[in-house]
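One-letter residues, chain by chain:
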Amino acid sequence: MSAAPATRTERMIVAAARELAGKRVCFVGVGLPNIAVNLAQRTVAPELELVYESGVYGARPGRLPLSIGDPTIVTGATAVTSMLELFGYYLQGGRVDVGFLGAAQIDRYGNINTTVIGDYAHPRTRLPGSGGACEIAIDAREVFIVMRQSARSFVERIDFRTSPGNLGGGEAAARLRAEQGWTGHGPSVVVTDLGVWRFGTDGEMVLVSLHPGATLDEVRGATGWAPAIAPDLRPTPEPEPEELRLIREELDPAGLYTR
Amino acid sequence: MRDAIAALVRDGDSVAIEGFTHLISFAAGHEIIRQGRRDLTLIRMTPDLIYDQMVAAGTASGLVFSWLGNPGVGSLHAIRRRTEGDAPTLALEEYSHFGMVGRYTAGAMRLPFFPLRSYFETDLPAANPRIRPIRSPYGDELVYAVPPLNPDVTIVHAQRADAAGNTQIWGLLGCQKEAAFAADRVIVVVEELVDEAVIRADPNRTAIPGVIVDAVVVEPFGAHPSYSQGHYDRDSRFYVEWEAISRDPERLDAWLREWVHDLPDRAAYREKLGPETLARLRPTGSAPSGSVDYGRYG
């Protein structure tokens, strides 16, 4: 019996996990990043040190943690620290290679909103807020983002800037980071359920691969600006059967992330 | 617990029930609801289900936090109902995680502020004017400052303490130590009361010394549906169920009646959970730490 074909969410998780090949220290955000990094640790990046803001460095979760403060990230970890040490020494001290974030809204420059939809004082929707995302975006050497894409989430103008990306453009962002002494260089990749985006020197995201089954028309309809498309746009490679098996049988059998 | 809350938590207090996912004192939160405290400023990095319940029960007028959600699941709908739309009725004061940790740390150390390299080029300082840019006194480098946080009361759940309140924690440490040292009054709730000799045999594990503790309460399973490393697992099934309960105000009220108001204490809650739930949340196996030898000197 052959397995069911990959869903779009599974394609997103697999593509996000594969971005971590060769990376060493990854700070794991709430939600989709959590399943992506746990898949990466079981496939392309077995040496990956998972950092959880709850105070764990080098987690070896025995099951997929639903929350980033689950007891399974403690047992067998390299180190458990206070949150003061985790944010102060590990993150702000410049020891994190990749910060892996989700987002409710993103703009073309990779600036992220996870705070409110609408006006701050009288929001239409109150979102969770920063958590550690604001400092991860500033301090991690590079930032990966994984999120579902729609005209509501990929917007011309975000309602609130919780976590800075390439601000208003690449050159100005690079200058400001240097002036203010950030350790981070900002976002490098955004993986969605439609494709994979990377950032050009102008600081704007460019679609570099399209998941099989998704179309450019669909991408344009789910992007709140006229998106830049790479001239050598490729199809995203298919998930391997083992990657799908890990997601479906080991990591998320209840479908909490993938449904 | 009844006596500790009655004596140490007053109307209008700022109250921090800390514990990052781990060791959240739901037992204390429920007792505060039962005793009908009002006008509290609730402080937590991650308000979690306990503050959704306390806000729904009418105990709070303000919330100081850094991440407002049901981790891995969704929203805290009772809090959202009081913060969205034209006339929010819950005052929010929000920071990032490092900002909250810094605030407790400055509070614990009696410093006028905590400097950090967060908030650059974000809208957070405009949303919260207490987050302010400052220049280094040793150059012109710009950093941000957050003010000290000194709760009237900090409540911490822990694995064990002795009768004097010397408290040991393992697993996620969160910011309980900082929050306790920053507070005027401290309540420690533990899974197990142990002899002083147990504490002295492993002093590296002591997070909070008895000298800053005002009350020790023994309340096994008192952190459910959060967890206590080594004792019981996080009840993720309940966190998922909370999404639907919290979304519906009538269902939430019924839940509060059934699980808080109509129960006299935590022992009744534990009994109501029943042996099946308690068994389901037991760790699947043992994972003891290696032991170290501190040595004897003199």
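Residues numbered from 1 in each chain as written. Chains lettered and ligands numbered in written order. Predicted model: local features only at pLDDT ≥ 70, side-chain atom pairs only at ≥ 80, totals over all residues.

A short note on the overall build of chain B
Point 1. When helices and strands are counted, chain B shows eleven helices and twelve strands.
Point 2. Each principal axis of the C-alpha atoms in chain B carries an extent, and together these give about 65 × 55 × 35 Å.
Point 3. When burial is assessed residue by residue, chain B has 51% of its 298 residues classed as buried.
Point 4. Put simply, 73% of the contacts in chain B that link residues at least 6 apart link residues at least 24 apart. (Helix = DSSP H or I, 4+ residues; strand = E, 2+ residues; numbered from the N terminus. Buried ≥ 20, exposed ≤ 12 C-beta atoms within 10 Å, placed from the backbone. Contact = placed C-beta atoms within 7 Å.)

Notes on the environment of Leu111 of chain B
Residue and element names in this part refer to chain B.
Point 1. By the secondary structure assignment, Leu111 is in the loop between α5 (97-109) and β5 (114-116).
Point 2. Measuring from C-alpha to C-alpha, the distance between Leu111 and Pro147 comes to 8.6 Å, with 36 residues separating the pair along the chain.
Point 3. With near-sequence residues (within four places) excluded, Leu111 lies in contact with Ala106 and Pro148.

Structural notes on helix α3 (residues 48-56) of chain B
Residues and elements named next belong to chain B.
Point 1. When you tally the buried positions in α3, you get nine out of nine residues, the bulk of the element.
Point 2. Considered for burial, the residues of α3 that qualify are Asp48, Leu49, Ile50, Tyr51, Asp52, Gln53, Met54, Val55 and Ala56.
Point 3. Directly beyond the C-terminal end of α3, a positive phi value near 85° is found at Gly58.

Describing the interface of chain A and chain B
Point 1. Across the contact, 44 residues belong to chain A and 46 residues belong to chain B.
Point 2. Those elements giving two or more residues to the side of chain A that touches chain B turn out to be α3 (83-91), β9 (123-126), α4 (133-139) and α5 (170-180) of chain A.
Point 3. Residue composition of the side of chain A that touches chain B, by class: 19 nonpolar, 18 polar and seven charged. (Nonpolar A, V, L, I, M, F, W, Y, C, P; charged D, E, K, R; others polar.)

Quick word on the sheet that holds strand β11 (residues 187-191) of chain A
Residue and element names in this part refer to chain A.
Point 1. What the ten strands build is an open sheet, ordered β4-β3-β2-β1-β5-β10-β11-β12-β13-β14; its pairing is mixed. Every interior strand has two partners, whereas the edge strands, β4 (79-80) and β14 (228-235), have only one.
Point 2. Pairing geometry for strand β2 (residues 49-52) and strand β3 (residues 56-59), over three bridges, is antiparallel. Within β3, the residue paired with Val51 across the bridge is Tyr57. (Pairing = 2+ DSSP bridges.)

Notes on the sheet that holds strand β6 (residues 132-135) of chain B
All names here are of chain B.
Point 1. Reading across from one edge, β5-β7-β6 is the order of the three strands in this open sheet, with antiparallel pairing throughout. The sheet terminates laterally at β5 and β6, the two strands that pair on one side only. Strand-to-strand twist across the sheet, computed as the mean angle between neighbouring axes with direction ignored, equals 45°.
Point 2. Relative to strand β7 (residues 142-146), β5 runs antiparallel, the two being bridged by three bridges. Its bridge partner lying in β7, Phe114 is registered against Val146.
Point 3. The sheet contacts of α5 involve β5 and β7, and relative to β5 the element is tilted by about 150°. (Axes fitted to C-alpha atoms, helices over the stretch in contact; angles between N-to-C directions.)

Notes on the nonpolar core
One recurring pattern in soluble globular proteins: nonpolar side chains tend to sit buried together.
Point 1. Counting 166 residues, the largest nonpolar core has Ile13, Cys26, Ala36, Leu39 and Val51 of chain A together with Val188 of chain B as its most contacted members.
Point 2. Shared between two domains, this core holds at least three residues of each, these being domain 1 (8-100 + 149-280) and domain 2 (113-146) of chain B.
Point 3. When residues no more than four places from it in sequence are discounted, the contact partners of Ala36 of chain A are Ile13, Ala16, Ala17, Phe100 and Val146 of chain A. (Core = buried A, V, L, I, M, F, W, Y, C linked by C-beta atoms within 7 Å. Domains from an automatic or database assignment.)

Quick look at the domain arrangement of chain B
All names here are of chain B.
Point 1. Here the domain parsing of chain B yields domain 1 (8-100 + 149-280) and domain 2 (113-146).
Point 2. On a C-alpha basis, the centres of domain 1 and domain 2 stand 30 Å from each other.
Point 3. Counting residues at the interface gives six residues for domain 1, matched by seven residues for domain 2.
Point 4. Within the residue set of the side of domain 1 that touches domain 2, elements represented by two or more residues are β4 (91-94) and α5.
Point 5. Residues belonging to the side of domain 1 that touches domain 2 are distributed by class as follows: two nonpolar, two polar and two charged.

Here we look at the environment of Gly290 of chain B
Point 1. Along the chain, the position of Gly290 of chain B falls in the segment after α11 (266-280).
Point 2. Exposure remark for Gly290 of chain B: the 4 C-beta atoms within 10 Å place this residue in the exposed category.

Details of the packing of α3 of chain A against α5 of chain B
Point 1. Contact pair α3 of chain A / α5 of chain B: the axes reach a minimum separation of 10 Å and the direction vectors enclose 115°. Where α3 of chain A crosses over α5 of chain B, the two elements pack in a sense that is left-handed. Within the contact between the two elements, α3 of chain A uses Met83, Leu84 and Phe87 of chain A and α5 of chain B uses His97, Phe98, Val101 and Thr105 of chain B.
Point 2. Grouping the constituent residues of the contact of α3 of chain A with α5 of chain B by class yields five nonpolar, two polar and no charged. (Left-handed = near helix turned anticlockwise from the far one by under 90°.)

Some thoughts on unusual backbone geometry
Residues and elements named next belong to chain B.
Point 1. Omega for the bond connecting His224 with Pro225 falls within 30 degrees of zero, at 10°, which places this linkage in the cis form.
Point 2. Following the sequence through the fold, Pro225 ends up in the loop between β12 (215-218) and α9 (236-247).
Point 3. Positive phi, close to 55°, is recorded for Leu23, a residue that is not glycine.
Point 4. Considering the arrangement of structural elements, one finds Leu23 in the loop between β1 (14-17) and α2 (26-34).
Point 5. With a phi angle near 55°, Arg110 is a residue other than glycine that sits in the positive phi range.
Point 6. Of note, Arg110 is situated in the loop between α5 and β5.

Observations regarding the environment of Val143 of chain A
All names here are of chain A.
Point 1. Within the fold, Val143 resides in strand β10 (residues 142-146).
Point 2. On the basis of neighbour count, Val143 is assigned to the buried category, with 29 C-beta atoms found within 10 Å.
Point 3. Through-space distance from the C-alpha of Val143 to that of Cys26 is 9.5 Å; in sequence the pair is 117 residues apart.
Point 4. Ignoring sequence-local partners within four residues, the contact set of Val143 consists of Gly99, Leu101, Ala137, Gly184, Gly186, Pro187 and Ser188.

Points about the packing of helix α2 (residues 32-42) of chain A against helix α7 (residues 241-251) of chain A
Residues and elements named next belong to chain A.
Point 1. Close contact between α2 and α7 brings their axes to 11 Å; oriented N to C, the two are set at 120°. Between α2 and α7 the crossing geometry is right-handed. Side by side, α2 and α7 meet where Ile35, Asn38, Leu39 and Arg42 of the first sit next to Glu243, Leu246, Ile247 and Leu251 of the second.
Point 2. In terms of residue class, the contact of α2 with α7 is made up of five nonpolar, one polar and two charged.

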